[in-house]
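Structure assessment
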Amino acid sequence: VTDEVRPHQNPLDPDRSEVDLGEDAVPTRGYSLTPLVGLGGSAGSIQALQRFFDEAPVDAGVIYVVVIHLSPEHESNLAELLGHHTSMSVRQVTGSIKAEPDHVYVIPPNHSLSAIDGHLGLGPLHSPRGRRVAVDLFFRTLADSYGPHAVAVVLSGADGDGAIGIKRIKERGGLTIVQDPDEAEFPGMPRTAINTGMVDWILPVAEMPRRIQDYVEREPCLDAGGTSTAVASTQLPNPALDAAVEEVLAHVHTLTGRDFADYKRGTVMRRLARRMQVNNITELTEYLSYLRTHQGEAGALLQDLLISVTNFFRDSPAFAALEARIPDLFAGKGMHDTVRVWVPGCATGEEAFSIAMLLLEHARTLETPPQLCVFATDLDKDAIQVGRTGLYPATIQADVSEERLDRFFGREQGGYRIRREVREVVLFAVHDVLRDSPFSRLDLVSCRNLLIYLNPAAQHRALELFHFALRKDGLLFLGTSELVSDESNLFAPIDAVHRIYAARATARIGVPIMTGTTSLSIAARPVEGYTELPLSARSSRLAPARPVLSASEDLATPTWAELHSQLLERFGPPSLVVNPSQNIVHLSETAGHFLQHPAGEPTIQLLSAIHPGLRGALRTALFLAQEEGEGQSEPAPFQVDGTMQYVTIRVARADDLAPDFLLVSFLTSRAKEELQTVDTGSVSPVVQQLEHEVASLQGRMTRLNAQYEESTEALSASNEELQAVNEELRSATEELETSREELQSINEELTTVNQELKSNVEELGEANTDLHNLMSAGAIAIVFLDLNLRITRFTPSAVDLFRLIPADVGRPLSNFNHRLNYPELEQDAREVLAHGNQREREISSGDAGLMYLARWVPYRSIQGEIDGVVLTLIDISELSRARQELGRSHEQLTEALAQTEEARRAAEQALKVKDQFLAILSHELRTPLTPVVMATQMLSRQEELSPRSREWLALIERNVAMENGLINELLDLSRIAHGKLHLQLEPTSLHQVIRSAIETVVPDLTARDQKLTLELGAGNDLVLGDPARLQQVFANLLTNASRHSAKQASIEVRTSRSGPRIVAQVIDHGDGIAAEALEGIFEAFRQLQPGTPSHSGGLGLGLAITRAIVQEHGGRIEAESDGEGKGAAFRVELVLKEPTAA
Amino acid sequence: MSPSLRVLVVEDHGDTRMLLVSYLESLGHVVVAARSVMEARQALREHGAFDLMLSDIGLPDGLGWELLESTTVSPGLSVAMSGFGARADIDRSLRAGFAQHLVKPLGLPAIDAVLAAAVERRLAP
């Protein structure tokens, strides 16, 4: 088989018709090519692509081609984007290039991409109606060029591009993969692809590369041989393999009822191999067990074998050619006639609809168009169902012209639906061309791309069927790679290139007996002998009659051969031709002389029709001819044209020209002497009598036989027709059934709608009840007015106010004599109607003391238009009273507040005065102290002073200092009382502060001969504090400790760290503090020994000030003592500035 | 041997003023005493620049702050002396230009320290 030679290049070569037809459908041409993986998606699929190439092996020996929808206005950096995700070379296609394995090619913007014979080519991009079809276009070329080596992957995308391309891929034996729609960002493209039913795998992107690699690697080692050229095309006998295939087909037959015995073995093998590859199986026997154990695999295999693939107007030139022939179909048809078309193998109905469209288009041009009827049949029930639904993906725009889309399709969600007008023309039915009875009296049979899958015998049978089904001159439309063998005298080519044929007016042949369940076979079975007649014999029996017919009627100038035979007939000896039953089929001009019709029915039985005088001679000759092939009788005397002549009868077998036909010639001679004959009179009367009886019996038997055969044939023909009619009725019934189902579903829908409406009504009722209750429940007067201010509705509370009764609905509100002091009522209403704004007004009622809030709100209809106005009257008498009271309370409160404010101001003023007084007091107290201090100090610097004088001077100094301390304490206390103890915070070393404080008390300690122990244990002593004030704290504590301790006693100062705080303790072993005094020791003006303030030399303010300072620093101070005479400990805690530091 | 300073003492309290003057003079300084803002201004006008001015704040005819702020003659190192010892008072003195604010009663050690500072200022180049 030469793959490169397409059948249509030599359509008249009869030898090719049986072998080559199939090879085009499943091209072997792809088998030596490198696998090509086409990835299609929209622009949004880039992420999915990146994930794909993240996983894709770089040495799988596969070509990757990426076709996605790119913006036509921008340069594409797709190659770069993908290049980051694989180490394979990624490049944008710029012109025709050879595709190399392990390379990635991406589509450039504004172009379409095609894959032809290992090359990638660019073409212009046209988008019908702005739709994107780049993926479909590429997949189609990929399918045609790479066949089973094509892998099509449909990724995320919003529209339905790729779905049609995928069908083609599948048809050509390629692998189809779709991204799991749940994973895809835009599931539109995957969903549409899945809906075609042509998808092998639905996978997440990340899994695809591995599965593709497995699939590609699997192919070369397949044992089934379906893909290996040797087995597939030459079909070498391999009994084991054949047996396995038979078993697989038998299994499919059992499970699905479909018999593929008539399908070409090569086709079947390829489909099997594909299923094995898809399922990752290498041995056919293994596949058989897989088939048996996996539910659904039989269905999948069936799907693959049926290959329900077609497009609208597939092979448009062929359709254009057909369109030109359409008027022929209508010729001579009137209003009550029907143009009948049969589309066997219609798959999902595209072709049937395409033809229906052509018919409708022509019918429109006629004044009285005939009825139209297109029978669309297929084996595949699912496909038929798709056709019945008549909904096709939006991508059919690529195949159907815009004009036809508008005229014959309705746009719907999810695609285009065929219009009722077209749909009603087409009748769908499940039907097996080879098993079920055919339709009849058809004007056109369109059977495209079905024959290619059938073996030659089945092809032949199908053509005979079509011939039977077509009326005379009816058209047969075949696929581009199918043709009618020239040997066949059934069809005459009309357009050989586009495969349009006309049924020849061949004498009617019998229809072959169908074996399908609906067929004639059941009716024909009792007629024994009928089925035994070989078809070929039946046709050849009548075939010889045809040339004579055409010679006498059609041909004005006979050919030389015909002239010769006519001359022979005229001038040769008289002769006649009989068939094997010895019935006369043809006579020469003068042969009639030798015949003599006996009485009774006319007969063509030779032995009956022959002149009785010649019967004996004829018998002899016939006998001899049967024995020896040729026989000649003795001359018999015979009266010809009044003269006695001798006739010799010669019988010759026609042999190969017409098997079992005989030529009987009559040779006459006047030479009596030559003809030594037996005198007829010498025959005994008994023999003559017997002979006569035998002849008459034989004649009767022959007649009966003939009658019987004729009636059988007539019967079977009627039967056929009845059967066809029945088939049509069945289709009609199915149609009706479909309509009934449609009606049922419409009914169902109506029921649902009704149900919904009912529940809506109920809800409405409830809402109405609620509204009613709401209006009665609230003691609020509401009146609804329409645009003319007529009352439409009111609440019970409004009855009193307007003196309404239920009958008042519909009367204008102004008619009512209401009890309100509301002269502006109507004016307000009209204003709200005009402007649509709300309005509120407080009005009083004629009844004493009643106040109402009148609120006007526009009544808005559901559409939001103002349709009236709603007046609400709320009794606010209580509110109004309460409001008045509230006003009074408010006034009182304001007054009280003012008084309080005044009091506060006075207090503040007093405080200020007190502060000033204190400041001035301290100033005045300090002023006289200054000269005392100075004078004392100047005196003490006098050298000639006596020791006693010095003592006294020291005494003065001490008391002055004490005096000064008292003044300071007074001022401090005043500040503390106002919270005016302003600290000058800075980072301060507490240890430094303590040391400074100690320095100030050194004179006291020295005077009393006391010993101070300093133990500064805290590592970190930095606090945020006022050093002067802190020093004051410790000076005070130390002074206290010194004063309350005996002479020579010891005093301890310790610091330590306690968490984020530093603790400083001043501990003495002196007077101690009684438990009851301990509590209030930090209060101002506290002295341990009341009545003797001078003892400790202070006002008792020291500790109060100390605590205030510590607290102002955020620290705390505590005093501890075990009791009087047991010493005391003061503990100061301050927060460290950096508590974390060591 | 510390140099003799020209000192202006402004103090309305007679005893204090008398003691201050006699102490300063006993140390060999030249002292001019004033009892009021007016006298101080006159002294400044008449005697020219001083090395040190010790001034009370509360004076019969004004405040020591105003004196310092209005004078055109340099009173030298100026130190305030006052019975008001609140933080606000001290801040006010420093703003007015006093180098120091001594709270009364002040003793001789404080005056000695001020004198030492004035001497240092005088000797400074």
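Residues numbered from 1 in each chain as written. Chains lettered and ligands numbered in written order. Predicted model: local features only at pLDDT ≥ 70, side-chain atom pairs only at ≥ 80, totals over all residues. Heavy atoms only, no water.

This part takes up the overall build of chain B. For chain B, the helix and strand inventory stands at five helices and seven strands. When the elements of chain B are put in sequence order from the N terminus, they spell out β-α-β-α-β-β-β-α-β-α-β-α. The buried share of chain B, reckoned over its 125 residues, is 49%. Summarising the internal contacts of chain B: among those between residues at least 6 apart in sequence, 67% fall at separations of at least 24. (Helix = DSSP H or I, 4+ residues; strand = E, 2+ residues; numbered from the N terminus. Buried < 20%, exposed > 50% of the residue type's maximum accessible area, 1.4 Å probe, protein only. Contact = heavy atoms within 4.5 Å.)

Across the contact, 22 residues belong to chain B and 19 residues belong to chain A. Overall, the association of chain B and chain A removes approximately 1800 Å² of surface from exposure, summing both partners, and the carbon and sulfur fraction of that is 68%. Three residues stand out in chain B for area buried against chain A, namely Leu19, Pro105 and Leu108 of chain B, and they jointly supply 32% of the buried area on that side. One can count one salt bridge joining chain B with chain A. Between Asp112 of chain B and Arg941 of chain A there is a salt bridge; the shortest N-O distance is 3.1 Å. Linking chain B with chain A are four residue pairs in polar contact (both at pLDDT 80 or more). Top contributing element to the side of chain B that touches chain A by residue count: helix α1 (residues 14-26) of chain B, with six residues. Residue composition of the side of chain B that touches chain A, by class: 11 nonpolar, seven polar and four charged. (Buried area = accessible area lost by both parts, 1.4 Å probe. Salt bridge = Lys/Arg side-chain N within 4 Å of Asp/Glu carboxyl O. Polar contact = N/O pair within 3.5 Å; in protein donor to acceptor, adjacent residues only side chain to side chain. Nonpolar A, V, L, I, M, F, W, Y, C, P; charged D, E, K, R; others polar.)

All names here are of chain B. The strand order β2-β1-β3-β6-β7 describes an open sheet built from five strands, whose pairing is parallel. If you trace the sheet from one side to the other, it starts and ends with β2 (30-34) and β7 (100-103), each paired once. When strand polarity is set aside, the average angle formed by the axes of neighbouring strands in this sheet is 20 degrees. As judged from the five bridges shared by strand β3 (residues 52-56) and strand β6 (residues 77-82), these two strands associate in the parallel manner. Paired with Leu54 across the strands is Val79, a residue of β6. Packed on one face of the sheet, α1 meets β1 (6-10), β2, β3 and β6 and runs near 170 degrees to β2. (Pairing = 2+ DSSP bridges. Axes fitted to C-alpha atoms, helices over the stretch in contact; angles between N-to-C directions.)

Attention now goes to unusual backbone geometry. With an omega of 0 degrees, the peptide bond running from Lys104 of chain B to Pro105 of chain B counts as cis. Examined against the element boundaries, Pro105 of chain B turns out to sit in the loop between β7 and α5 (108-123). Unusually for a residue other than glycine, Asp1009 of chain A sits at a positive phi of about 60 degrees. Take Asp1009 of chain A: it is sitting in the loop between α30 (990-1008) and β33 (1011-1016).

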